[in-house]
Amino acid sequence: MTPAYEEVIASLKDSYDADAATRDGQAKEPWKLAERESFLRRLTKGQKLLEIGAGTGHDSYFFQRNGLSVTATDLSPEMVARCRAKGLDAHVMDFLSLDFPPESFDAVWALNCLLHVPNKDLPRVLTAIHDLLKPGGLFFIGVYGGEAHEGIHDNDQAVPKRFFSRRTDEQLKAFVSECFEVVDFHPVTSGEYRIQVLIARR
Ligand SMILES: C[S@@+](CC[C@H](N)C(=O)[O-])C[C@H]1O[C@@H](n2cnc3c(N)ncnc32)[C@H](O)[C@@H]1O
């Protein structure tokens, strides 16, 4: 049975708090650099971007350096501390407690974080993101996936082991299409991994 959302995030918080220092020193894979460059080209200097599940803030820092007005959020206080150390406006906020006025942002960037949301909770998370975007605003999602599977990964090295939701392409597009227009979808292969990249418009 899928655990309750609160249970999932309590465990993820501990996992990511413990891993923040290690992750901060890791280099980004080339596909991630290419995708953020490409998303940046869709935006205009001065626009407001919200990053959710920002981790150590490397992407938020990139967008800020390139002229966007950036707000970073993450569940893990240790991750948020690393964002702040990079000079970012960063807040400890879960996907369901994003405390900003409606229509605050021109864009939302969500890389490798929505794969931690159980399918049963994904519609309300997507609705919360939708409400924070201005009409016409863009939403980037990058997640590992391609086949449907939910649960703890037995071979996960993180402590505690993390909950993952992997979705088929059709599942992911169907979830997002409930409240957005899908403007781009493409799979990316990196080593043994398959990543689903989706860009949606409010
Ligand atoms: C795999 S890391 C990715 C970090 C960053 N986006 C990147 O690509 O480097 C996942 C991040 O999502 C955050 N996260 C997971 N579930 C979350 C939730 N419900 N609300 C906010 N952040 C969450 C974790 O704390 C972690 O920092």
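Residues numbered from 1 in each chain as written. Predicted model: local features only at pLDDT ≥ 70, side-chain atom pairs only at ≥ 80, totals over all residues. Heavy atoms only, no water.

Trainee: Would you mind showing me how to read the pattern of salt bridges here?
Mentor: Between side chains of opposite charge, pairing is possible as soon as their charged atoms come close. The tally for this structure, following the rule as stated, stands at 16 salt bridges. We note a salt bridge from Asp-24 to Arg-82, for which the minimum N-O separation is 3.6 Å. Residue Asp-24 is found in helix α1 (residues 5-24), and its partner Arg-82 is found in helix α4 (residues 77-85); the two are separated by 58 residues along the sequence. In this structure Arg-82 comes out as partly exposed when scored by relative accessible area, which is 24%. Measuring nitrogen to oxygen at the nearest pair gives 2.7 Å for the salt bridge that ties Asp-169 to Arg-194. Residue Asp-169 is found in helix α6 (residues 169-177), and its partner Arg-194 is found in strand β9 (residues 193-201); the two are separated by 25 residues along the sequence. (Salt bridge = Lys/Arg side-chain N within 4 Å of Asp/Glu carboxyl O. Helix = DSSP H or I, 4+ residues; strand = E, 2+ residues; numbered from the N terminus. Buried < 20%, exposed > 50% of the residue type's maximum accessible area, 1.4 Å probe, protein only.)

Trainee: Even after reading the chapter, I still don't get the side chain of Arg-36, so can you show me in this structure?
Mentor: As for its position among the elements, Arg-36 is in helix α2 (residues 30-41). Given the relative accessible area of 11%, Arg-36 is considered buried. Leaving out residues up to four positions away in the same chain, Arg-36 has contacts with Lys-28, His-58, Asp-59, Phe-62, Phe-63 and Trp-109. (Contact = heavy atoms within 4.5 Å.)

Trainee: Explain the packing of α2 against helix α3 (residues 58-65) here, please?
Mentor: Angle between the axes and distance between the axes are the two parameters that describe a pair of packed helices. Orientation of α2 relative to α3, taken along the N-to-C sense of each, is 40 degrees, at an axis distance of 11 Å. Once α2 is placed against α3, the crossing between them reads as right-handed. Residues Arg-36, Glu-37, Phe-39 and Leu-40 of α2 touch α3, and the partners they reach there are His-58, Asp-59, Phe-62 and Phe-63. Its residues assigned to classes, the contact of α2 with α3 shows four nonpolar, one polar and three charged. (Axes fitted to C-alpha atoms, helices over the stretch in contact; angles between N-to-C directions. Left-handed = near helix turned anticlockwise from the far one by under 90°. Nonpolar A, V, L, I, M, F, W, Y, C, P; charged D, E, K, R; others polar.)

That's the geometry; what it means functionally is another story.
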